Amino acid sequence: MSGRPVSQIIEEGAARYGRNQEAVLRILTDVDRELGSVSEEAMAAIAKCCRVSSAEVQSVATFYSFISTKPRGRHLVRLCRTISCSMKGSAGILAALEKDLGIAAGQTTPDGRITLETTSCIGLCDQSPAMLVDDTPHSRLTPETACEIVRGLK
Amino acid sequence: MKKEVLLSANQPELGSALRKAASMTSADVAFEVRNAKLQGRGGAGFPAGVKWVLAGGASGAQKYVVCNADEGEPGTFKDRILIEKYADRLLEGMAIAGYAIGADTGLIYLRAEYPYLVPVIEEAASRLRQAGLLGRGIMGGKFSFDVEIRKGAGAYVCGEETALLESMEGRRGEPRNKPPYPVNSGFRGCPTIINNVETFIAVPHIILNGADWFLALGEGGDSGTKLFSISGDVERPGVYELAMGSKIGDLLDLAGAVDVQAVQVGGASGKTIPGSDRDRVLSFRDLPPGGSVIVFDGSRDMLGVLENFMEFFVHESCGQCTPCREGNSRLLDAVHAIRAGSLSGREALAPYLDLAETMKQGSKCGFGQTSSNCFVDIVNRFVLKADGQGGN
Ligand SMILES: Cc1cc2nc3c(=O)[nH]c(=O)nc-3n(C[C@H](O)[C@H](O)[C@H](O)COP(=O)(O)O)c2cc1C
Ligand code: SF4
Ligand code: FES
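Residues numbered from 1 in each chain as written. Chains lettered and ligands numbered in written order. Predicted model: local features only at pLDDT ≥ 70, side-chain atom pairs only at ≥ 80, totals over all residues. Heavy atoms only, no water.

A.B. asks: Would you explain the overall build of chain B in this entry?
C.D. replies: The number of helices and strands found in chain B is 14 helices and 9 strands. Relative to the 2.2 N^0.38 estimate, which gives 21 Å for 392 residues, the radius of gyration of chain B is 21 Å and therefore close to what a compact globule would have. When its C-alpha atoms are laid out on the principal axes, chain B stretches across 70 × 40 × 35 Å. In chain B, which comprises 392 residues, the share counted as buried stands at 61%. Across chain B, every contact between residues at least 6 apart in sequence was considered, and the portion connecting residues at least 24 apart equals 70%. Carbon and sulfur atoms make up 49% of the accessible area of chain B, which totals about 14100 Å². Across chain B, the 41 positively charged side chains and the 47 negatively charged ones have centroids separated by 5 Å. (Helix = DSSP H or I, 4+ residues; strand = E, 2+ residues; numbered from the N terminus. Rg over C-alpha atoms; globule rule 2.2 N^0.38 Å. Buried < 20%, exposed > 50% of the residue type's maximum accessible area, 1.4 Å probe, protein only. Contact = heavy atoms within 4.5 Å. Areas by Shrake-Rupley, 256 points an atom, 1.4 Å probe, with all protein chains shown as cover. Lys, Arg positive; Asp, Glu negative; His and termini not counted. Charge placed at Lys NZ, Arg CZ, Asp CG, Glu CD.)

And the structure:
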């Protein structure tokens, strides 16, 4: 996550993508990726910048599971819960991560370090079980390796 | 039968297919692809060349070539591997498509789950630009074509082509009514072709070797080869390329599947067959091959498998139409009731099988029209069968 103000991210996006409906999802994605989530204020600013209503921006933001309107931690761990991973023990990995982090899926550690989520198939089923940590895929996980990877995140 | 073309170690020289295409008329390029009977590799199997001919003939100064790299079907990862290894061929295939339909812009809709493929595609694109195979005045001629990446944001339904267009236009990924079809009114209302990654990558081979060569690759009247992502209970999960029309048994043997109880072909919305049906054919004539093949051995509880799929569908439905939104939830409830023992037997399950049919008929897009397939297959072949009440 960067310390850049949200207005700067939005302006930079608008300069690249334009100020219209088409830019809405692209700017939302940029803000979410840089700040971990998209706040009410950010959505209002995007609406103004792209000349659409705030309700429209909200409705786009809430449609996509990779965009969060709730604050998230510095790192995002997304564990696949779909069938091939489930067959190779993703439930045990989830339980281990939840225990290690002291949070349930969908929550963020109190120190703001990690948000733990489950996700639909991430296309790594030849190496199940798998997870994405921010932009990095990790596969052939065991409860031990998964916890080790997550403990190593600053 | 195993047959490697797209995955062959001997790849034609990059740009040679585009050069050959540029020496043909646009219409002839589209005709060649149509004559090769290249069926879309994303799951629906619509003939790619027919789309190209239609889009080429559609009126409009601006047209678009869109690559569907949303690959969200559970158990599918062939497009990831294709992009990792052959992003340059994908771009060449898209450029040939641009030449065929008269488009100067290509867009790759890449799923959010593959952020690590962005630099791979960008690096390949700059290599093609340096070689004069992308950009203004390709190979010194009049044809210009370039590509950009549009990232998805984590919604399976955005793989449906009109939802994908909505998403690229910055809106919720809710499928559109058809008609109009994208070949007439697609991205920004302009004529647009949308094809899967694998479809585009097959194109340079077709242009270089000709439609007849491609037709001859298939078995039993099918054309070309097909990539399969195989996972689950197999010794060697991965991507395999077989002649289209091959038997499922051949693929199971390649991947090392033993004690096979069930195989699901075409992902969660595909068909689920007993492992003993080894002669069933991987073809749009029999088991439509999207790309995913998931194997379940004798130890698997098929009701648990069904539960996992129905949870996926409940989570991923866009909620726009009732049969899909409500139907998938009710089928998931039924799975829970079967598990709890409060729902059993053909008679009690009949209303749910009817509901599955209603969803097939009444849903707006391919999602709701196919999401009940696994319920019907697994309930009929595995759940009722275990009760001694099996259908076929
Ligand atoms: C719910 C749903 C999800 C889909 N997901 C994908 C996908 O991830 N990739 C893909 O290529 N096609 C997907 N399709 C099929 C597309 O709608 C479309 O048929 C395809 O992109 C056309 O390209 P092709 O003819 O080359 O296969 C999906 C269809 C539906 C109904
Ligand atoms: S069938 Fe399902 S996914 Fe398709 S439009 Fe209707 S609710 Fe949305
Ligand atoms: S099922 Fe987990 S990556 Fe595909």
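A.B. asks: Hey, could you run me through the sheet that holds strand β2 (residues 105-110) of chain B in this one?
C.D. replies: Where strands meet in a sheet, backbone hydrogen bonds hold them as pairs that are either parallel or antiparallel. All names here are of chain B. Read from one edge to the other, the open sheet built from 4 strands follows the order β3-β2-β1-β4, with strand pairing classed as parallel. In this open sheet, the two edge strands, each paired with only one partner strand, are β3 (146-151) and β4 (192-196). Ignoring strand direction, the axes of neighbouring strands in this sheet form an average angle of 25 degrees. In this structure, strand β1 (residues 64-69) lies alongside β4, joined through 5 bridges in parallel fashion. Within β4, the position partnered with V65 by the bridge is I193. (Pairing = 2+ DSSP bridges. Axes fitted to C-alpha atoms, helices over the stretch in contact; angles between N-to-C directions.)

A.B. asks: What's the story with the site of ligand 2 in this structure? I'm lost.
C.D. replies: In the vicinity of ligand 2 lie 13 residues, with C318, Q320, C321, C324 and C365 of chain B positioned nearest. Classifying every residue of the shell around ligand 2 gives 7 nonpolar, 5 polar and 1 charged. (Near = heavy atom within 4 Å. Nonpolar A, V, L, I, M, F, W, Y, C, P; charged D, E, K, R; others polar.)

A.B. asks: Sorry if this is basic, but what is going on with the site of ligand 1 here?
C.D. replies: Residues and elements named next belong to chain B. Near ligand 1 there are 19 residues, and of these G42, N68, N195, N196 and T199 occur at the shortest range. Side-chain polar atom of N196 to an oxygen atom of ligand 1: 2.8 Å apart, as the coordinates give it. Between an oxygen atom of ligand 1 and a side-chain N or O atom of T199, the distance comes to 2.7 Å. For ligand 1, the accessible surface in isolation is 610 Å², of which the surrounding protein chains cover 90%. (Polar contact = N/O pair within 3.5 Å; in protein donor to acceptor, adjacent residues only side chain to side chain.)

A.B. asks: Explain the pairing of strand β1 (residues 75-80) of chain A here, please?
C.D. replies: Residue and element names in this part refer to chain A. Of all 6 residues making up β1, 6 are buried, and the element is well covered by its neighbours. Pairing geometry for β1 and strand β3 (residues 131-133), over 3 bridges, is antiparallel. Bridging from a neighbouring strand, L79 pairs with M131 of β3.

A.B. asks: Can you walk me through the interface of chain A and chain B in this structure?
C.D. replies: Interface size is often expressed as the accessible area that is lost when the parts come together. Of the residues lining the interface, 34 residues belong to chain A; the matching set on chain B comes to 48 residues. When chain A packs against chain B, the two sides together hide about 3200 Å² of surface, and 56% of this comes from carbon and sulfur. For chain A, the biggest contributors to the area lost against chain B are E22, F63 and M87 of chain A; these three give 22% of the whole. Inspection of the region where chain A meets chain B yields 4 salt bridges. Among the ionic pairs, D126 of chain A bridges to R80 of chain B, the shortest N-O distance being 2.8 Å. (Buried area = accessible area lost by both parts, 1.4 Å probe. Salt bridge = Lys/Arg side-chain N within 4 Å of Asp/Glu carboxyl O.)

A.B. asks: Explanation requested: the packing of helix α2 (residues 26-35) of chain B against helix α3 (residues 48-57) of chain B in the structure shown.
C.D. replies: If you want to describe how two helices pack, look at the angle between their axes and the distance between the axes. Residues and elements named next belong to chain B. Axis separation between α2 and α3 bottoms out at 7 Å; the angle between their running directions is 155 degrees. Considering their axes alone, α2 and α3 lie roughly antiparallel with respect to each other. In this structure, the crossing between α2 and α3 has a hand that is left-handed. Contact with α2, carried on its side by A30, F31, V33 and R34, involves A48, G49, V50, W52 and V53 of α3 and no other residues of that element. For the contact of α2 with α3, the per-class residue count stands at 7 nonpolar, 1 polar and 1 charged. (Parallel < 35°, antiparallel > 145°, perpendicular 65-115°, else oblique. Left-handed = near helix turned anticlockwise from the far one by under 90°.)

A.B. asks: Where do I start with the domain arrangement of chain A in this structure?
C.D. replies: When its domains are assigned, chain A resolves into domain 1 (6-63) and domain 2 (75-151). If you average the C-alpha positions of domain 1 of chain A and of domain 2 of chain A, the two centres end up 28 Å apart. (Domains from an automatic or database assignment.)

A.B. asks: It is not clear to me how the environment of E144 of chain A should be interpreted in this structure. Could you clarify?
C.D. replies: Within the secondary structure layout, E144 of chain A lies in helix α7 (residues 143-151). Between the C-alpha atom of E144 of chain A and that of L35 of chain A, which follows or precedes it by 109 residues, the distance is 29 Å.

A.B. asks: Can you walk me through the packing of helix α1 (residues 6-17) of chain A against helix α2 (residues 21-35) of chain A in this structure?
C.D. replies: Residue and element names in this part refer to chain A. For the pair α1 and α2, the least separation of the axes is 9 Å and the interaxial angle reads 145 degrees. Crossing handedness for the pair α1 and α2: right-handed. Between α1 and α2, the contacting residues are V6, I9, I10, G13, A14 and Y17 on the first element and A23, R26, I27, D30, V31, E34 and L35 on the second.

A.B. asks: Mind showing me how you'd approach the environment of T115 of chain A here?
C.D. replies: Residue and element names in this part refer to chain A. Looking at the secondary structure, you find T115 in strand β2 (residues 114-119). Once the C-alpha coordinates of T115 and D100 are considered, the two residues, 15 residues apart in sequence, prove to be 13 Å apart. Once residues within four sequence positions are removed from consideration, T115 is found in contact with R72, G73, H75, L76, V77, Q107 and T108. At a separation of 2.5 Å, a polar atom in the side chain of T115 contacts the main-chain amide nitrogen of G73. Only 2.8 Å separates the side chain of T115 from the side chain of T108, close enough to count as a polar contact.

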